[in-house]
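Chain by chain, the residues:
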Amino acid sequence: MISRSKIKVRYAETDQMGIAHHSNYPIWYEVARTDLMKKMGMTYTQIEEQGLIVPLLELQCKYISAAYFEDNLIVEASLKNATAVKLEFEYAIFREGDEKPLNVGRTLHALVGKDLRPVNVKKEYPELYQKLISAVENESPLLEEKKEE
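Predicted model, so just to flag it, every value in this text is computed and none were measured.

The rules behind these values
Residues numbered from 1 in each chain as written. Predicted model: local features only at pLDDT ≥ 70, side-chain atom pairs only at ≥ 80, totals over all residues. Heavy atoms only, no water. Helix = DSSP H or I, 4+ residues; strand = E, 2+ residues; numbered from the N terminus. Rg over C-alpha atoms; globule rule 2.2 N^0.38 Å. Buried < 20%, exposed > 50% of the residue type's maximum accessible area, 1.4 Å probe, protein only. Contact = heavy atoms within 4.5 Å. Areas by Shrake-Rupley, 256 points an atom, 1.4 Å probe, with all protein chains shown as cover. Lys, Arg positive; Asp, Glu negative; His and termini not counted. Charge placed at Lys NZ, Arg CZ, Asp CG, Glu CD. Expected span 1.5 Å × (residues − 1). Pairing = 2+ DSSP bridges. Axes fitted to C-alpha atoms, helices over the stretch in contact; angles between N-to-C directions. Salt bridge = Lys/Arg side-chain N within 4 Å of Asp/Glu carboxyl O.

Novice: Which parts of the structure should I look at to understand the overall build of the protein chain?
Specialist: Within the protein chain, the secondary structure is distributed over 5 helices and 7 strands. A compact globule built from 149 residues should have a C-alpha radius of gyration of about 15 Å, and the protein chain, at 16 Å, falls within 12% of that. Oriented by its inertia axes, the alpha-carbon framework of the protein chain measures out at about 50 × 30 × 25 Å. Counting every position in the protein chain, which comprises 149 residues, the buried fraction comes to 45%. Counting only contacts in the protein chain whose residues sit at least 6 apart along the sequence, the fraction spanning at least 24 positions is 71%. Accessible surface computed for the protein chain: about 8300 Å², of which carbon and sulfur atoms make up 49%. Of the side chains in the protein chain, 20 bear a positive and 24 a negative charge, and the two mean positions are spaced by 3 Å.

Novice: Teacher, can you tell me more about helix α1 (residues 24–39) here?
Specialist: The α-helix winds at 3.6 residues per turn, so residues separated by three or four positions along the chain end up facing the same way. Here α1 spans 23 Å end to end across 16 residues, near enough to the 22 Å set by a 1.5 Å rise per residue. Packed against the buried residues of α1 are β1 (2–8), α2 (44–49), β3 (56–63), β4 (72–82), β5 (86–95) and β6 (103–110). Backbone geometry just downstream of α1 places glycine 41 in the positive-phi region, at approximately 95 degrees.

Novice: Honestly, the sheet that holds β6 in this entry has me stumped. Any pointers?
Specialist: Remark on secondary structure: sheet strands pair via backbone hydrogen bonds, oriented parallel or antiparallel. Sheet architecture is open: 5 strands sit in the order β1-β4-β5-β6-β3, paired in antiparallel fashion. The sheet terminates laterally at β1 and β3, the two strands that pair on one side only. The average angle at which neighbouring strand axes cross in this sheet is 20 degrees, direction not considered. Across 7 bridges, the pairing between β3 and β6 is antiparallel. Looking across to β6, one finds that cysteine 61 is bridged to glycine 105.

Novice: Help me understand the pattern of salt bridges in this model?
Specialist: Side chains that differ in charge, positive against negative, can pair when their charged atoms come close. By the definition in use, this model includes 8 salt bridges. We note a salt bridge from glutamate 58 to arginine 106, for which the minimum N-O separation is 3.0 Å. On the criterion of sequence distance, the pair formed by glutamate 58 in strand β3 and arginine 106 in strand β6 is long-range, its members being 48 residues apart. Residue arginine 106 is classed as buried on the basis of its relative accessible area, which comes to 10%. The residue aspartate 98 makes a salt bridge to arginine 95 at a minimum N-O spacing of 3.3 Å. Under the relative-accessibility criterion, aspartate 98 is labelled partly exposed at 37%. Accessibility expressed as a relative area gives 21% for arginine 95, which makes it partly exposed.

Here is the structure:
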């Protein structure tokens, strides 16, 4: 399952040259990841209401070319891997109409309780685990495809 979120680069997100600042890309990943979760049939709010939180463990972000003020971007997100205690997402950011990404990345997240201890979602939340497993994108992982281009 892949989500596609639209972002328009705002003036506040750019530097003096009109180029989108590198710190915005992880925020755009989060927009796409949140949209993906909704597409999977759950929201972060629903997950948190069950007593789970999904903190970031790792972030990888590769800048290929610049995004500029007022560019219309498409941020693709997919769930690459889901285990009982971790989720790995992949991202690709495109200028609308372009085939090659300007940016690719991945994030790794833990599934923990409010006490920040890992929770075995497979055992404790089997319905949630099943939704996650069924959403894993195996056929065409975004990051692997985009690296080859």
